[in-house]
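What follows is the residue order along each chain.
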Amino acid sequence: MATDLETTDSLGGDSKSRFPTAYTILFALIVVMAALTWFMPAGEYTQAMNEALGKDAPLPGTYHVVDPKPQGLIEVLLAPIAGFYDPSEYTANAIDVSLFVLVIGGFLGVVNATGAVNRGIERAIVGLKGREKWMIPVLMALFALGGTTYGMAEETLAFYPLLIPVMIAAGYDAVTAVAIIMLGAGVGVLGSTINPFSTAIASNAAGIPFTQGMALRFVILGLSWLATVLFVMRYAERVRKDPQRSVVADRKASNEAYFLKDRDVTRATGFTGRQKLILLVFAATFVVMIWGVSSQGWWMAEMSALFLGSSIVIGFIGWMGEKAMTTAFVDGARDLLGVALVIGLARGIVVIMDNGMITATILNYFEGKITGMSDIAYVNAMFGTEALLSFVVPSTSGLAVLSMPILAPLSDFAGVGRDLAVTAFQTAIGITNLIAPTYAVVVGGLAIGRVPYDKWLVFIWPLLLILVVLSCAAISIAALV
């Protein structure tokens, strides 16, 4: 892939646009959070071992004010670095995700250098002529399945460079491809059923079996998936008929040059035997990744090793030679360097808040606001509280451990089952994490797709409204039953 740096970039939009780049937005949020540590009281909850979670968790009613730790200029400048790793303890924060992104870039660089993907896209588009739109529900169902079962999130970053060229070549735009992946997996997480990182952890923290409330979550999953698929298909068809109706219409030429370089999608040229074998290894790599994450406990290190190993195998099959293969790998990693950097920058926001001791203070504020509410008011307030908190703590499992031991017991006083509190939690964070600029999956996916954040908001806001209304209606009805 090639970039046109004079007119566009993957993280900030058109160079003539007044909307700031993702780097500027995220760094500004770091500064804002640092400023809050000078005015907001610092506090923390007493932590105790939670046997169900197997780790320390905050105890409800134990919030107390501590000595303030205001974050100054040095801490602000250190925050993006600490977003990658903790410089005091040398433990990973987002460095593993960023490295994974770079290895994916190298892997795709090697694959693209063989020409196999070019030929595969040409063949697929010609074969699907007139039926391209049916790729959308099928692919979104697969991504939703990953989201609802094992919390598919960071793993989706590997699929963007694969799907975006296919959708652009089919007459759609980059937003359509990004939506298929991000919204597909996101809706699955919103309607989590057996997701261990959302439903299981939140239920354990709330002191209930994760199977409680399963029927309602299946209903929310099905309705949300249907609404999202119809929304994306409607948008995609509108763009196919009139490209100027795309929210990234101003990027049409540059995106086609970037994602469809050297690809003639009007005809299917022949495959060589090597290219067919390369595509087989290419597809098998993603299958193995999903298997490893869902059943073998793999995470970023193992997935990075898988893509590195596949790069070497494909380089040998393509008979590229050592110099050509390493050059292709480095060039591919360079294409996604900006994505890797922005992921660490997003994590720096959370670092500033935690170091400034204001995360627990924000949680305690919401705890006080929802105490003593009626059943319907409580579940909707719980939904809103978790939605706002997820901007601060975009990690599903992290927010579950932080908030559910505090907020779930409050449902007892409201006469609402704790399973409904868990459902309100997971739907709220699922919706927020479709737009949260602090969430690596959002900023990373948009960066790979060269979709400016403001354009993503323009595209998604009607769907967000639909999902919020649907979710709140579902939990409100459940509270009355």
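All of these numbers come straight from a predicted model, not from anything done at the bench.

Rules and cut-offs
- Residues numbered from 1 in each chain as written.
- Predicted model: local features only at pLDDT ≥ 70, side-chain atom pairs only at ≥ 80, totals over all residues.
- Heavy atoms only, no water.
- Helix = DSSP H or I, 4+ residues; strand = E, 2+ residues; numbered from the N terminus.
- Buried < 20%, exposed > 50% of the residue type's maximum accessible area, 1.4 Å probe, protein only.
- Contact = heavy atoms within 4.5 Å.
- Phe/Tyr/Trp six-rings, centres within 6.5 Å; stacked < 30°, edge-to-face > 60°.
- Lys NZ or Arg CZ within 6 Å of the ring centre and 35° of its normal.
- Axes fitted to C-alpha atoms, helices over the stretch in contact; angles between N-to-C directions.
- Parallel < 35°, antiparallel > 145°, perpendicular 65-115°, else oblique.
- Nonpolar A, V, L, I, M, F, W, Y, C, P; charged D, E, K, R; others polar.
- Patch = residues over 30% accessible without salt bridge, like charges linked within 9 Å, V, L, I, M, F, W, Y side chains within 5 Å.
- Areas by Shrake-Rupley, 256 points an atom, 1.4 Å probe, with all protein chains shown as cover.
- Salt bridge = Lys/Arg side-chain N within 4 Å of Asp/Glu carboxyl O.
- pLDDT = per-residue confidence, 0-100.
- Left-handed = near helix turned anticlockwise from the far one by under 90°.
- Polar contact = N/O pair within 3.5 Å; in protein donor to acceptor, adjacent residues only side chain to side chain.
- Core = buried A, V, L, I, M, F, W, Y, C linked by side-chain atoms within 4.5 Å.
- Expected span 1.5 Å × (residues − 1).

What follows concerns the overall build of the chain. When its secondary structure is counted, the chain shows 21 helices and four strands. Expressed as a percentage of the 481 residues in the chain, the buried residues total 56%. Sequence separation of 24 or more characterises 78% of the internal contacts of the chain that already satisfy a separation of 6 or more.

Taken as a whole and judged by the stated rule, the model has 11 aromatic pairs. Taking the centre distance of 5.0 Å and the plane angle of 75 degrees together, the rings of Phe107 and Phe307 count as edge-to-face. Here the residue Phe107 occupies a position in helix α3 (residues 95-114), and Phe307 occupies one in helix α12 (residues 300-317), the gap between them amounting to 200 residues. A connected cluster of aromatic rings, assembled from ring pairs, spans Phe100, Phe107, Phe282 and Phe307. Sitting over the face of the ring of Tyr258, Arg450 holds its NZ or CZ atom 4.2 Å from the ring centroid.

The next point concerns unusual backbone geometry. We note that Met357 has phi near 60 degrees; this positive angle belongs to a residue other than glycine. Tracing the backbone through its elements, the reader meets Met357 in the loop between α14 (337-355) and α15 (359-370). Given a relative accessible area of 17%, Met357 falls into the buried group.

Two elements in contact, helix α7 (residues 174-190) and helix α9 (residues 214-241), have axes whose closest approach is 9 Å; the angle formed by their N-to-C orientations is 175 degrees. What the angle tells us is that α7 and α9 run roughly antiparallel. From α7, Val175, Thr176, Ala179, Ile180, Leu183, Val187, Gly188 and Leu190 reach across to α9, where they touch Ile220, Leu221, Ser224, Trp225, Thr228, Val232, Tyr235 and Ala236. Residues that form the contact of α7 with α9 fall into these classes: 12 nonpolar, four polar and no charged.

Bringing a nonpolar patch on the surface into the picture now. Together, Ile74, Leu78, Ile81, Tyr85, Tyr90 and Ile95 line one region of the surface with nonpolar side chains, adding up to about 600 Å² of accessible area. Top contributing element to the nonpolar patch by residue count: helix α2 (residues 73-84), with three residues. Among the secondary structure elements, Tyr85 is positioned in the loop between α2 and α3.

Our focus in this paragraph is the side chain of Gln426. Tracing the backbone through its elements, the reader meets Gln426 in helix α19 (residues 418-432). A residue is classified by how much of its surface remains accessible, and Gln426, at 1% relative accessible area, is buried. Beyond its immediate stretch of four places on either side in the chain, Gln426 contacts Val189, Leu190, Gly191, Ser192, Ser198, Thr199 and Arg217.

For the rest of this paragraph, the subject is the pattern of salt bridges. With the rule as written, the count across this model stands at four salt bridges. The partner of Asp250 in a salt bridge is Lys455, and the shortest N-O contact between them spans 3.3 Å. With Asp250 in the loop between α9 and α10 (252-259) and Lys455 in helix α21 (residues 453-480), this pair connects stretches of sequence that are 205 residues apart. Arg334 is the partner of Asp331 in a salt bridge, and the nearest nitrogen-oxygen pair spans 2.5 Å. Residue Asp331 and its partner Arg334 are both found in helix α13 (residues 322-335); the two are separated by three residues, about one turn of the helix. For Asp331, a relative accessible area of 36% gives the class partly exposed.

What follows concerns the confidence of the model for the chain. Low-confidence regions, as indicated by low pLDDT, have predicted coordinates that should not be scrutinised in detail. On average, residues of the chain score 83 in pLDDT, and 89% of them reach the 70 mark or higher. Within the model, the stretch residues 1-13 combines pLDDT values under 50 with 32 contacts to residues more than four positions away or in other chains.

Our focus in this paragraph is the packing of α15 against helix α17 (residues 396-407). The contact between α15 and α17 brings their axes to 11 Å, and the two run at 30 degrees. Comparing the axis directions of α15 and α17 gives the class roughly parallel. Crossing geometry of α15 relative to α17 is assigned as right-handed. Side by side, α15 and α17 meet where Thr359, Leu363, Glu367 and Ile370 of the first sit next to Leu402, Ser403, Ile406 and Leu407 of the second. Taken together, the residues of the contact of α15 with α17 break down into five nonpolar, two polar and one charged.

Following the sequence through the fold, Ser192 ends up in the loop between α7 and α8 (196-206). Looking at Ser192, its side chain comes within polar contact range of the main-chain oxygen of Val189, at 2.6 Å. Apart from the residues within four sequence positions on either side, Ser192 is in contact with Gly147, Thr148, Ser198, Thr199, Arg217 and Gln426.

A word on the nonpolar core. Among the nonpolar cores identified, the biggest contains 150 residues, and Leu183, Met404, Trp456 and Phe459 are the most heavily contacted of them. Here Met404 is in contact with Ala202, Ala205, Ala206, Met382, Glu386, Leu399, Pro409, Ala421, Val422 and Phe425, once residues within four sequence places are set aside.

Here we take up the environment of Phe383. Relative to the assigned elements, Phe383 resides in helix α16 (residues 375-392). Between the alpha carbons of Phe383 and Gln426 there is a distance of 8.6 Å; along the sequence they are 43 residues apart. Each residue touching Phe383, except ones within four places of it in the same chain, is listed here: Ala424, Thr427, Ala428, Ile431, Val468, Ser471, Cys472 and Ile475.

All right, on to α19 then. For α19, built from 15 residues, the straight-helix expectation of 21 Å at 1.5 Å per residue is met to within 8% by its first-to-last C-alpha distance of 21 Å. In terms of residue burial, α19 counts as a mostly covered element, since 13 of its 15 residues are buried.

For the rest of this paragraph, the subject is the environment of Gly430. As for its position among the elements, Gly430 is in helix α19. Relative accessible area serves as the criterion here: at 3%, Gly430 is assigned to the buried category. When the C-alpha positions of Gly430 and Val187 are compared, they lie 6.9 Å apart, and in sequence the two are 243 residues distant. Once residues lying within four places of it in the same chain are set aside, the contact partners of Gly430 are Gly186 and Leu190.

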